[in-house]
Number of protein chains: 2
Amino acid sequence: MSEGKLIIIGGDAAGMGAASKIRREQPEREIVVFEKGYHTSYAACGIPYYIAGMLNSSDDLIARKPEVFIEKQNIDVRIRHEVLEIQAESKKVKVLNLEKQQELWESYDELLIATGASPIVPPLEGADAEGVFALSSLQSGIDVFKFMEKHNPRKAVVVGGGYIGIEMAEALLERGLEVSLIDMAPQLMTSLDEDMAEPVMEYMLENGVQVFLKEKLEQIERHTDGKVKKVITDKQSLDADLVILGLGIKPNSELAVKAGVKLGEKNAICVKKTLETSVPGVWAAGDCAESYHLIKEQQTWVALGTVANKHALVAGINISGGKAEFPGVLGTAITKFKDLEIARTGLSEKEANEMNIPFKANAIEASTLSGYFPGSGKIRVKLVVEDITGRILGGQIVGMQLSAKRIDTIAVAITAGMSVQQLVDMDLSYAPPFSPVWDPVQTAARTLL
Amino acid sequence: MSEGKLIIIGGDAAGMGAASKIRREQPEREIVVFEKGYHTSYAACGIPYYIAGMLNSSDDLIARKPEVFIEKQNIDVRIRHEVLEIQAESKKVKVLNLEKQQELWESYDELLIATGASPIVPPLEGADAEGVFALSSLQSGIDVFKFMEKHNPRKAVVVGGGYIGIEMAEALLERGLEVSLIDMAPQLMTSLDEDMAEPVMEYMLENGVQVFLKEKLEQIERHTDGKVKKVITDKQSLDADLVILGLGIKPNSELAVKAGVKLGEKNAICVKKTLETSVPGVWAAGDCAESYHLIKEQQTWVALGTVANKHALVAGINISGGKAEFPGVLGTAITKFKDLEIARTGLSEKEANEMNIPFKANAIEASTLSGYFPGSGKIRVKLVVEDITGRILGGQIVGMQLSAKRIDTIAVAITAGMSVQQLVDMDLSYAPPFSPVWDPVQTAARTLL
């Protein structure tokens, strides 16, 4: 067990979670955190709701501020410090103090890379126009909010129909903007199968979002004052006072790779189950690192808050001398657009196909509550199960209130290696205000028997 | 496999569920159902919400009417026919046509007893006064509804603080009545541990129900016209225009025991996992029959709609010549009082004590959603886990909207034999409108590590 100086690069969930765990285990250890932004430990997933005007302040999203880490936990957090280089052989990092524009070298005994991920911004004409945003840090959310306060945009174009695109479409609609959403793909939410993504699109259309699929962003035009004017696709031109780019994210692994750390899936940092990288004494956690997928049985890249928090715990335990292994992910994710809830876990039909697993899949429609109960709405549940064995491989849910959290039932069943029969047999809860007597998840399972 | 004449006693979930399954498997088989009431296949769990005035009509609670079974499924359903006696040796039943007051004997090759359960009505002075009700059949709910329409009661006393008592207190409050609730026990909801039942009582008090614990119903006084006037306990006298007795239920197993069928736990009909009784060719399903408990590893009596539906399926498969075994129960149950949701599964602390299982238990308080998200409320989650192994034995949840359905996550984990560590490791869904980043169920698990 090392008690030597630990440097952590990145002050969000993974970095600070690990720092806190290590501090609890090793009260005397020197822990230095370099965070290039202004904030620590914030809920990036909450940014769209902040922009929607649903929160009191951006501070609501901050779980713990740097001064609290410094004063209460004796963790030496230095915000506005960007690590420019890692020298793994000599165990030191080159750091730029962004406020003073001074560089310094800081040595470490152990290093945790928790640099997160960044939005993909295409190298297009006009992508840097004023009013064009890609969400990443809390600061980027604050920038959007301030822009809206100042310029009161009327027309927004959201580029990309994934989680961020859908949540931002809701947020901007909530703020009274006209919202168009474009996506290159033939469907929204490519983590869902097409039959499950379709009701999402229908619902968005019904609720006033103009959705354009199979359209490629080609250029962004700006006014003479530099502000965004139009979004040009391969099919049309859309007026825009505000553009949100939700074109996906990529792991921030450049520092690591330059230091000789091996990369893996989608250029995420390759880690063992302990979260140690290929370089001894150098660890990685959170959105910049790989995760083992329980069904794919291989390393994958899943950048989600839940995973970052679990990474933090595992890395923290190992760095402070304990023993822990990352348990693995299923890619469980959940979101909503207005009252429509959306969730998925495990393998989609698409992924099962890619893996050449023989499977059956089926989607059913049921009601969220007892059909006669006020507020009961539609729910669509899809299960993907292995042929012959009936083992559940994945699930997708789209439906009205009380639909999506049911994905957890499926996630636990998958993790336990259960079959559809076992899911049908399960003693799940029922009362009219909560569910039909057969939970929709079980109804989906029954049709696959 | 028998193709002989099947008689089913009881036309609710278990009886009609089995009948439907058998009809699908055996299109030509003669199936006769005797139901002493007026209705078939209704949602008894919905009765309080019907009384609350939340539904359009009592018909909303009926999943399928007798004429539909007769005409569409060729099942010979005879309502208002009460079976008075089973002669198991000669394979016949004595039936009373309640409309014509005629008795007849009907012979069978196989028999399914699905007689349900009845409310316990204490043999007290005044228990039969007008305006005193014990809920059981749909008809009993209709009777309450009609009584309220006709007499417009102002003060109600609910006797018993279990599921029905709590749901009826909500319903009557909803209808504008003053509601008092009395219970002999030192806590409400005895299927919960005391620390979890306490917030339920607090919430009921805050919402205007007068709750009196450790009070025993002694007598019901009536007006000279026969209508209820007062409820007398061992401590006080309460004015009442309406009294609901929710003192628990007992299995309707008298017919069975007189026919030589063995009884088991709490006088429920003793069944094998196939749902065959001790008498070959005689089956039992639903609220009148036992169920295997997955954690207690013994037969128990759990009278719930979910169980009745699963019984129906298993009995139906076996009676029509297939092979199925009842998978077992955890006693998963869920309800709500206004906005407070309540759920439980597996063993309570009390039950673990009774079974002499060494265990740890802990309850945590968390928020239902990300704390900053509008509408986030309190949730209390308790887990009971086996000492040393950490295997999850039971869970209880009390909290605001979006709390209680999380019990299913625990139910699946228990069924899979998972430990608290495995629950912590689970890839559950997170987004601010749905959950904190660690689901409260996982937070409860973490504190037990």
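Above this text is the structure in question.
Residues numbered from 1 in each chain as written. Chains lettered and ligands numbered in written order. Predicted model: local features only at pLDDT ≥ 70, side-chain atom pairs only at ≥ 80, totals over all residues. Heavy atoms only, no water.

Caption draft 1: Broad picture of the sheet that holds strand E15 (residues 237-239) of chain A. All names here are of chain A. Across the sheet, which stays open at both edges, the three strands sit in the order E13-E14-E15 with antiparallel pairing between neighbours. For this open sheet the edge positions go to strand E13 (217-222) and E15, each flanked by a neighbour on one side alone. Direction aside, the axes of adjacent strands within the sheet are offset by 20° on average. Pairing analysis gives five bridges linking E13 to strand E14 (residues 228-233), with the strands arranged antiparallel. The partner of Leu-217 across the bridge, within E14, is Thr-233. (Pairing = 2+ DSSP bridges. Helix = DSSP H or I, 4+ residues; strand = E, 2+ residues; numbered from the N terminus. Axes fitted to C-alpha atoms, helices over the stretch in contact; angles between N-to-C directions.)

Caption draft 2: Representation of the side chain of A:Thr409 within the structure. Residue position: A:Thr409 is located in helix H10 (residues 407-415). Look at A:Thr409 and you get buried, because its relative accessible area is 4%. If sequence neighbours within four positions are ignored, A:Thr409 has contacts with A:Leu423, A:Leu428, A:Val441, B:Asp408 and B:Val412. (Buried < 20%, exposed > 50% of the residue type's maximum accessible area, 1.4 Å probe, protein only. Contact = heavy atoms within 4.5 Å.)

Caption draft 3: Quick look at the packing of helix H1 (residues 13-25) of chain A against helix H8 (residues 305-319) of chain A. All names here are of chain A. Contact pair H1 / H8: the axes reach a minimum separation of 8 Å and the direction vectors enclose 35°. Where H1 crosses over H8, the handedness of that crossing is right-handed. Each of Ala-13, Ala-14, Gly-17, Ala-18, Lys-21 and Ile-22 in H1 lies in contact with H8, whose residues at this interface are Ala-308, Asn-309, Ala-312, Leu-313, Gly-316, Ile-317 and Ile-319. (Left-handed = near helix turned anticlockwise from the far one by under 90°.)

Caption draft 4: Geometry of the pairing of strand E21 (residues 333-337) of chain A. Residue and element names in this part refer to chain A. Among the five residues of E21, five are classified as buried, and the element is accordingly described as predominantly covered. Burial along E21 is two-sided: Ala-333, Thr-335 and Phe-337 and Ile-334 and Lys-336, pointing in opposite directions, are all buried. Here E21 pairs with strand E22 (residues 340-346) via five bridges, running antiparallel. The residue of E22 that forms the bridge with Ile-334 is Ala-343.

Caption draft 5: Fine view of the relation of the copies chain A and chain B. The two copies are related by a screw operation: chain A maps onto chain B through 180° of rotation and 0.0 Å of translation along the axis, at an RMSD of 0.0 Å. Interpreted geometrically, this transformation is the action of a two-fold axis. Looking at the rotation axis and the C-alpha trace of chain A, the residue lying nearest is A:Thr409, at 2.5 Å. Here 100% of the interface residues in chain A have copies in chain B that are interface residues too; the copies meet face to matching face. (Least-squares fit on C-alpha atoms with pLDDT ≥ 70 in both.)

Caption draft 6: Local environment of the interface of chain A and chain B. Taken together, the contact pairs 57 residues of chain A with 57 residues of chain B. In this assembly, chain A packs against chain B so that about 4900 Å² is buried in total across both faces, 70% of it on carbon and sulfur atoms. The largest share of the area that chain A buries against chain B comes from A:Tyr372, A:Asp427 and A:Phe434, three residues that together contribute 16% of it. On the surface where chain A and chain B come into contact, there are two salt bridges. Note that A:Asp439 is salt-bridged to B:Lys405, the shortest N-O span being 2.6 Å. (Buried area = accessible area lost by both parts, 1.4 Å probe. Salt bridge = Lys/Arg side-chain N within 4 Å of Asp/Glu carboxyl O.)

Caption draft 7: Fine view of helix H8 (residues 305-319) of chain B. The end-to-end C-alpha separation of H8(B) is 21 Å, in line with the 21 Å expected for 15 residues at 1.5 Å each. Positive backbone phi, at 100°, marks B:Gly321, one or two positions downstream of H8(B). (Expected span 1.5 Å × (residues − 1).)

Caption draft 8: Representation of the environment of B:Arg29 within the structure. Residues and elements named next belong to chain B. Tracing the backbone shows Arg-29 in the loop between helix H1 (13-25) and strand E2 (31-35). Those residues in contact with Arg-29 that lie beyond four places of it in its chain are Ser-2, Glu-3, Gly-4, Leu-6, Ile-22, Arg-23, Glu-110, Ile-319 and Ser-320. Only 2.6 Å separates the side chain of Arg-29 from the side chain of Glu-110, close enough to count as a polar contact. (Polar contact = N/O pair within 3.5 Å; in protein donor to acceptor, adjacent residues only side chain to side chain.)

Caption draft 9: Expanded view of the sheet that holds strand E12 (residues 210-212) of chain B. All names here are of chain B. The strand order E9-E16-E10-E11-E12 describes an open sheet built from five strands, whose pairing is parallel. In this open sheet, the two strands that pair with only one neighbour each are strand E9 (132-134) and E12. Averaged over all adjacent pairs, the angle separating strand axes in this sheet is 20°, with direction ignored. Pairing geometry for E9 and strand E16 (residues 242-245), over three bridges, is parallel. When the sheet's bridge partners are listed, Ala-134 is paired in E16 with Leu-245.

Caption draft 10: Representation of H1(B) in the model. Residues and elements named next belong to chain B. A rise of 1.5 Å per residue sets the reference length of H1, with its 13 residues, at 18 Å; its end C-alpha atoms lie 18 Å apart and thus fit the reference within 8%. Among the residues of H1, Ala-14, Gly-15, Met-16, Ala-18, Ala-19, Ser-20, Lys-21, Ile-22 and Arg-23 are the ones counted as buried. Taken together, the buried residues of H1 touch strand E1 (6-9), E2, helix H3 (66-73), strand E3 (76-79), strand E7 (110-113) and H8.

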